[in-house]
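Read off the chains here:
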Amino acid sequence: MESDAVAAVGRMLLKGGRVVDPASGLDTVADVVVQDARIAAVARPGEIGVPQPGTVTVDLSGLVVVPGLVDIHVHLRQPGQTHKEDIQSGTRAAARGGVTTLVCMANTTPAVDDPTVVAAVREWSRQAAARVYPVGAVTRGLEGRELTPVASLAAAGVVGLSDDGRWVQDGGLLRRAMLYAKEFGLPVLQHCEDPTLSAGGVMHEGAVSARLGLRGIPRSAEEAALARDLVLAEETGCHLHVQHVSTAGSVR
């Protein structure tokens, strides 16, 4: 994506890096010409010839050149928790690490459960250092009791629905959310963890937790929650994205 720093350079020649582009199937050592923050040419080493006057040349031998990376689970904490992070600081950090597109979770204060909050996040993101796509909450206030206005959230520009770290325990409510999500082409992102099974746990339940004297979290906390959600996703046809998969049973 375009940045002021790159745009100021005008023309750059990125020499000798391993260029990987999944979209075109390219994976080879090449030279890349960037003109006014846009890729102008990709060629085998030496084919481009003598750089034009004013070209900034960067030797990337031994390094990898890839399109901007996408992080689909971030916490930008704005609104309401900017003492932890905000959209500007979070996107600057992302861009520094090569991430040019972010999907931000809905667990802000207030939660992203209303079109006005979506609009605010999108407005704050206009001058961000990376593209920001907001996720809307499944339930009002992330409280698991009342469904958000999914149609309005979709119209406002959310790219998915999630209560983030709070698993939607009410199966009937989640089923309705999935039906709406399917209707509007949105995925549902679930943190599959049944709190009645995991409450108080601080690590995986097993020999190590017993030896350390720490309360463990049984794998059933994740797997039972996931099993229910998979059944609902199959029934509704909703696109379910499972966050934080951590057990072999969940993978199966």
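What counts and what doesn't
Residues numbered from 1 in each chain as written. Predicted model: local features only at pLDDT ≥ 70, side-chain atom pairs only at ≥ 80, totals over all residues. Heavy atoms only, no water. 1 Å grid on protein atoms, 1.4 Å probe; cavity = no way out; pocket = protein on both sides within 12 Å on 5 of 7 lines; lining within 4 Å. Points joined across faces, edges and corners; volume = space filled by probe spheres on them. Nonpolar A, V, L, I, M, F, W, Y, C, P; charged D, E, K, R; others polar. Helix = DSSP H or I, 4+ residues; strand = E, 2+ residues; numbered from the N terminus. Expected span 1.5 Å × (residues − 1). Buried < 20%, exposed > 50% of the residue type's maximum accessible area, 1.4 Å probe, protein only. Arc of directions from axis to C-beta. Contact = heavy atoms within 4.5 Å. Polar contact = N/O pair within 3.5 Å; in protein donor to acceptor, adjacent residues only side chain to side chain. Pairing = 2+ DSSP bridges. Axes fitted to C-alpha atoms, helices over the stretch in contact; angles between N-to-C directions. Core = buried A, V, L, I, M, F, W, Y, C linked by side-chain atoms within 4.5 Å.

(A) Focus on empty space enclosed by the protein. Taken as a whole and assessed by the stated rule, the structure comprises one cavity of 30 Å³ or more. The calculated volume of the largest cavity comes to roughly 40 Å³. Lining the largest cavity, in full, are Gln78, Cys104, Met105, Thr108, Val112, Val121, Pro134 and Val135. Split by residue class, the lining of the largest cavity holds six nonpolar, two polar and no charged.

(B) Just helix H5 (residues 171–183), in detail. Taking 1.5 Å of rise per residue, the 13 residues of H5 would be expected to cover 18 Å, and the 18 Å separating its terminal C-alpha atoms lies within 8% of that figure. Along H5, the positions that sit buried rather than exposed are Leu173, Leu174, Ala177, Met178 and Ala181. Each buried residue of H5 sits inside an arc of 140° when the element is viewed along its axis, so together they form one side. On its buried face, H5 sits against helix H4 (150–156), strand E9 (188–191), helix H8 (220–236) and strand E12 (240–243). You can read the cap of H5 off the contacts: a side-chain oxygen lies 3.0 Å from the backbone nitrogen of Gly172, and it is on Asp170. After H5 finishes, the residue Gly185 shows a positive phi value of roughly 70°.

(C) Local environment of the sheet that holds strand E7 (residues 99–104). Pairing in this open sheet of three strands is parallel, and the strands run E6-E7-E8 from one edge to the other. Strand pairing shows two members of the sheet lacking a second neighbour, strand E6 (69–74) and strand E8 (131–134), which therefore form its edges. Direction aside, neighbouring strands of the sheet carry axes that sit 20° apart on average. On the sheet, helix H2 (residues 87–96) packs against E7 and E8 and is oriented at approximately 140° with respect to E7.

(D) Highlighting unusual backbone geometry. A cis amide bond links Gln78 with the next residue in sequence, Pro79, at an omega value of 20°. Position of Pro79 relative to the elements: it lies in the loop between E6 and H2. Looking along the chain, the bond that leaves Thr109 and enters Pro110 is cis, with omega of 5°. Summarising the element assignment, Pro110 is placed in the loop between E7 and helix H3 (115–124). Its identity as a non-glycine residue notwithstanding, Asp36 has a phi of 50°, on the positive side. Mapped onto the elements of the fold, Asp36 is located in the loop between strand E2 (26–35) and strand E3 (38–43). Residue class for Asp36 comes out partly exposed when judged on its relative accessible area of 46%.

(E) Quick peek at the nonpolar core. Formed by 26 residues in total, the largest nonpolar core has its most connected members in Val138, Leu161 and Met178. Mapped by element, the contributors of at least two residues to this core are H3, H4, H5 and H8. Among the elements that take part in this core, H5 stands out by supplying five residues, more than any other. If we skip the residues at most four places from it in the chain, Met178 touches Val188, Asp229, Leu232, Ala233, Thr236, Cys238 and Leu240. Counting eleven residues, the second-largest nonpolar core is a separate cluster that includes Val74, Ile87, Val99 and Leu102.

(F) Structural view of the environment of Arg140. One can find Arg140 in the loop between E8 and H4. Judged by relative accessible area, Arg140 falls into the partly exposed class, the value being 29%. It is 12 Å that separates the C-alpha atoms of Arg140 and Leu153, two residues lying 13 residues apart in sequence. Ignoring any residue separated from it by four or fewer positions in sequence, one finds Arg140 in contact with Asp113, Asp114, Glu146, Leu147, Thr148 and Pro149.

(G) Representation of the environment of Gly68 in the model. Looking at where Gly68 falls in the secondary structure, it is placed in the loop between strand E5 (64–65) and E6. You can call Gly68 partly exposed: its relative accessible area is 43%. Between the C-alpha atom of Gly68 and that of Glu123, which follows or precedes it by 55 residues, the distance is 22 Å. Apart from the residues within four sequence positions on either side, Gly68 is in contact with Gly98 and Thr100.

(H) Broad picture of H8. Spanning 17 residues, H8 covers 24 Å between terminal C-alpha atoms, matching the ideal 24 Å at 1.5 Å per step. Within the sequence span of H8, burial applies to Ala221, Glu222, Ala225, Leu226, Asp229, Leu232, Ala233 and Thr236. The buried side chains of H8 occupy one side of the element, clustering within an arc of 125° when seen end-on. Structural note: H8 exposes Val231, Glu234 and Glu235 on the side pointing more than 90 degrees away from its buried face.

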